[in-house]
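# Chain and residue survey
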Amino acid sequence: NSRNADRVPAYQRLDLSATFAGRTVPGRRYQSEIVLSVYNVLGRKNPFSLYTRQNEFNAAQTEAVKYAVIGGAIPAFTWNFKF
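For every chain, the first residue of its written sequence is number 1, and the numbers climb from 1 along that sequence. With pLDDT at 70 or above as the cut-off, local features in this predicted model cover only qualifying residues; side-chain atom pairs require 80 or more to be listed or tallied, and sums for whole chains, interfaces and linings still use all residues. Water and hydrogen atoms play no part in the side-chain values, which are based on all heavy atoms of the structure.

Quick look at the confidence of the model for the protein now. A score from 0 to 100, pLDDT tells how confident the predictor is in each residue. The share of residues in the protein with pLDDT of 70 or more is 96%, and the mean pLDDT across the chain is 84. Helical segments are the DSSP runs of H or I of at least four residues, strand segments are the runs of E of at least two, and each set is numbered from the N terminus. Within the protein, the element-level pLDDT minimum falls on strand E4 (residues 62–70), averaging 74, and the maximum on strand E1 (residues 16–21), averaging 96.

Only one rule defines a salt bridge in this text: a Lys or Arg side-chain nitrogen within 4 Å of an Asp or Glu carboxyl oxygen. Applying the stated rule across the entire model yields 2 salt bridges. When the shortest N-O distance is used, the salt bridge between Glu63 and Arg53 registers 3.0 Å. With Glu63 in strand E4 and Arg53 in strand E3 (residues 46–54), this pair connects stretches of sequence that are 10 residues apart. Residue class for Arg53 comes out partly exposed when judged on its relative accessible area of 46%. With a 1.4 Å probe rolled over the protein chains alone, any residue whose accessible area is under 20% of its type maximum counts as buried; one over 50% counts as exposed, and the rest are partly exposed.

Moving on, we come to a nonpolar patch on the surface. Together, Phe20, Tyr30, Ile34, Leu36, Phe77, Trp79, Phe81 and Phe83 make up an exposed nonpolar region whose accessible area comes to about 930 Å². Of the residues forming the nonpolar patch, the biggest block, 3 residues, is contributed by strand E5 (residues 74–82). Its place among the elements puts Phe77 in strand E5. Patch definition: residues above 30% relative accessible area lacking any salt bridge, with like charges linked at up to 9 Å and the nonpolar side chains Val, Leu, Ile, Met, Phe, Trp and Tyr linked at up to 5 Å. In short, Shrake-Rupley with a 1.4 Å probe defines the accessible areas, and a residue's cover is counted only from the protein chains shown.

Let's shift gears to the sheet that holds E5. Paired strands, as defined in this entry, are two strands with at least two bridges between them according to DSSP. Read across the open sheet, the 3 strands follow the order E1-E2-E5; overall the sheet is antiparallel. With partners counted over all chains shown, the strands left at the sheet margins are E1 and E5, one partner each. Adjacent strand axes in the sheet meet at a mean angle of 15 degrees when their direction is disregarded. Lines fitted to C-alpha atoms define the axes, with helix axes restricted to the stretch in contact, and inter-axis angles between N-to-C directions lie between 0 and 180 degrees.

Now the structure itself:
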């Protein structure tokens, strides 16, 4: 049975992240850290999802219509607090 058996093709992605912890100050009730991240550093245009539709000539078959592609690096900044 091939129903729900389709898969998105395999892809490669490189994510990098660096965490910078703040100074620990005696008496302070919280700690903070900054996280800088870059997703998809290599900038590959990987398939993200595959949309399918029913074939208009054969209702038992489905066909791929479109890929949604994520291309390019995506930077991210996070500031974490620990109480």
